Amino acid sequence: MSEILTDNNNKVHVENMNFYYGNVQALFDINMDIAEKKVTAFIGPSGCGKSTFLRTLNRMNDIIDGTRIEGKVLIDGSDIYNPMTDVVALRKKVGMIFQKSNPFPKSIFDNIAYGPRLHGVKDKNQLMEIVESCLIKSALWDEVKDRLDKSAMGLSGGQQQRLCIARALAINPEVVLMDEPASALDPKSTLKIEDLVNELKKDYTIIIVTNNMQQAGRVSDYTAFFYEGKLIEFGATGQIFTKPNQKQTEDYITGRFG
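Residues numbered from 1 in each chain as written. Predicted model: local features only at pLDDT ≥ 70, side-chain atom pairs only at ≥ 80, totals over all residues. Heavy atoms only, no water.

**Some points on the environment of T210**
Counted only if it meets this: Only DSSP runs of H or I covering at least 4 residues are called helices, and only runs of E covering at least 2 are called strands; the numbering of each starts at the N terminus. Note on definitions: a residue-residue contact is assigned when non-hydrogen atoms from the two residues lie within 4.5 Å. Whenever a nitrogen or oxygen atom comes within 3.5 Å of another N or O atom, the pair is scored as a polar contact, on the condition that within protein one atom can donate a hydrogen and the other can accept it, and that pairs from neighbouring residues in sequence are kept only if both atoms are in side chains.
In this structure, T210 sits in the loop between strand 8 (205-209) and helix 8 (213-219). The spatial distance from the C-alpha of T210 to the C-alpha of G154 is 27 Å, given a sequence separation of 56 residues. Discounting chain neighbours no more than four positions away, the residues touching T210 are F42, I43, K50, E180, Q215 and A216. Side chain to side chain, T210 and Q215 meet in a polar contact 2.8 Å long.

**A word on unusual backbone geometry**
As a reminder of what qualifies: Buried, partly exposed and exposed residues are distinguished by accessible area as a fraction of the type maximum, computed with a 1.4 Å probe on protein chains only: under 20%, between the cut-offs, and over 50%, respectively.
At D76, a position not held by glycine, the phi torsion is positive, near 55°. Looking at where D76 falls in the secondary structure, it is placed in the loop between strand 4 (67-75) and strand 5 (78-79). When its relative accessible area of 39% is taken as the criterion, D76 is described as partly exposed. With phi around 55°, A139 is a residue other than glycine that occupies positive phi space. Here A139 shows up in the loop between helix 4 (124-137) and helix 5 (141-144). Given the relative accessible area of 45%, A139 is considered partly exposed.

**Here's the deal with the side chain of T205**
Mapped onto the fold, T205 is located in strand 8. Residue classification places T205 among the buried positions, given a relative accessible area of 0%. At 2.9 Å, the side chain of T205 forms a polar contact with the backbone nitrogen of K37.

**Here we look at the environment of T190**
Within the secondary structure layout, T190 lies in helix 7 (residues 187-200). On the basis of relative accessible area, T190 is assigned to the buried category, the value being 10%. Residues T190 and I165, spaced 25 residues apart in sequence, show a C-alpha to C-alpha distance of 13 Å. The residues contacting T190, other than those within four sequence positions of it, are A182, L185 and Q215.

**With respect to the nonpolar core**
Using the following cut-off: As used in this record, nonpolar core signifies buried Ala, Val, Leu, Ile, Met, Phe, Trp, Tyr and Cys residues forming a set joined through side-chain atoms within 4.5 Å.
Core analysis: the biggest nonpolar cluster contains 45 residues, and I112, L135, L163, I165, M178, L200 and I206 have the highest contact counts within it. Sequence-distant contacts of I165, that is, excluding residues within four places in its chain, are made with I97, S138, M178, I193, L196 and L200. Core analysis: the second largest hydrophobic core is formed by 32 residues, A26, I207, F226 and F234 among them.

**With respect to the pattern of salt bridges**
Filter applied, for reference: By definition, a salt bridge exists where a carboxyl oxygen of Asp or Glu is found within 4 Å of a side-chain nitrogen of Lys or Arg.
Counted under the stated rule, the structure contains 16 salt bridges. The partner of D76 in a salt bridge is K11, with the nearest N and O atoms 2.9 Å apart. Residue D76 is located in the loop between strand 4 and strand 5, and its partner K11 is located in strand 1 (residues 10-21); the two are separated by 65 residues in the primary sequence. Between E70 and R68 there is a salt bridge, with the nearest N and O atoms lying 3.0 Å from each other. The exposure class assigned to R68 is partly exposed, which follows from its relative accessible area of 40%. Three or more residues are tied together by salt bridges with common partners; here these are K11, E36, D76, K93 and E174.

**Some remarks on helix 7**
As a reminder, the rule being used: For a helix, the expected span equals 1.5 Å multiplied by the residue count minus one.
Taking 1.5 Å per residue, 14 residues should reach 20 Å; helix 7 reaches 20 Å between its end C-alpha atoms and fits that length. Buried positions along helix 7 lie against strand 3 (39-43), helix 4, helix 6 (157-169), strand 7 (175-179), strand 8 and helix 8.

**Here we look at the packing of aromatic side chains**
Definition in use: Each aromatic pair joins two rings of Phe, Tyr and Trp (for Trp, the six-membered one) with centres within 6.5 Å, and gets the label stacked for planes under 30 degrees apart, edge-to-face for over 60, and tilted for any other angle. Only lysine NZ and arginine CZ atoms are considered, and such an atom sits over a ring when it is within 6 Å of the ring centre and within 35 degrees of the ring normal.
By the definition in use, this model includes seven aromatic pairs. A ring pair is formed by F53 and F226, whose centres lie 5.6 Å apart and whose planes are at 45°; its orientation type is tilted. Of this pair, F53 sits in helix 1 (residues 50-56) while F226 sits in strand 9 (residues 222-227), placing them 173 residues apart in sequence. A single burial state applies to F53 and to F226, both of which are buried. Ring pairing ties together the aromatic residues F42, F53 and F226, which thus form one cluster. The side chain of R68 reaches across the aromatic face of Y20, ending 4.1 Å from its centre. When the ring centre of F28 is taken as origin, the NZ or CZ atom of K230, which lies over that ring, is 5.5 Å away.

**What about the pairing of strand 6 (residues 94-97)?**
Heads up, the rule is: Two strands form a pair only when DSSP identifies at least two bridges running between them.
Burial of strand 6 is two-sided: the residues V94 and M96 facing one way and the residues G95 and I97 facing the other way are all buried. Sheet topology places strand 6 next to strand 7; four bridges connect them, and they run parallel. Within strand 7, the residue paired with M96 across the bridge is L177.

Structure representation (structure tokens):
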């Protein structure tokens, strides 16, 4: 089934993708175009393949033995699974935020400066500019500007997750993948993450996996519904939530299963 947006300003193009863990097929014939500088949400019951699919977009599944992919994944027209692809450069371009915040046991400053230093930035003033800019973008600057030298482990869960977003932004990605970024957070912290997503899409293409249907409705421009490794339906979020084309989508969204 082809699920291609009519938006010509697409960042990611996925064509006839199948994905395997060893002999077990996890994704079946996925076709999708993801629009630039929009938020695309992946929804579906646990184990439906949405996080697996998310990780194919920056080749994070490569680190798992025995995985195999068929089909094409193009970002800006380049096939990221071409043998000549520089995976380090790909992951600089396509950043990732995980479900559980994972700050390094370092200072707040060093957490954010880590990536730029790895990519050759040594100048202290330049590093400070990057740290400040990314903390502002992640709505954390006012809360931590007076304790940049303190351990990131002393931050609250919500602050740690925003720090991880700032850290991902520090290497200047174009696409930001978020795998249930608010699932471990309280409602207030979740709202801050959602507000942040809405701000960040002005500059970044954001793809978010969420098990929270209301969250998908609030933050995304487009929504993809996955079930048992298949893309059942994909379209504008308003349409998916109010007039889905597939009964299976409607049954999931209205809580009849899941």
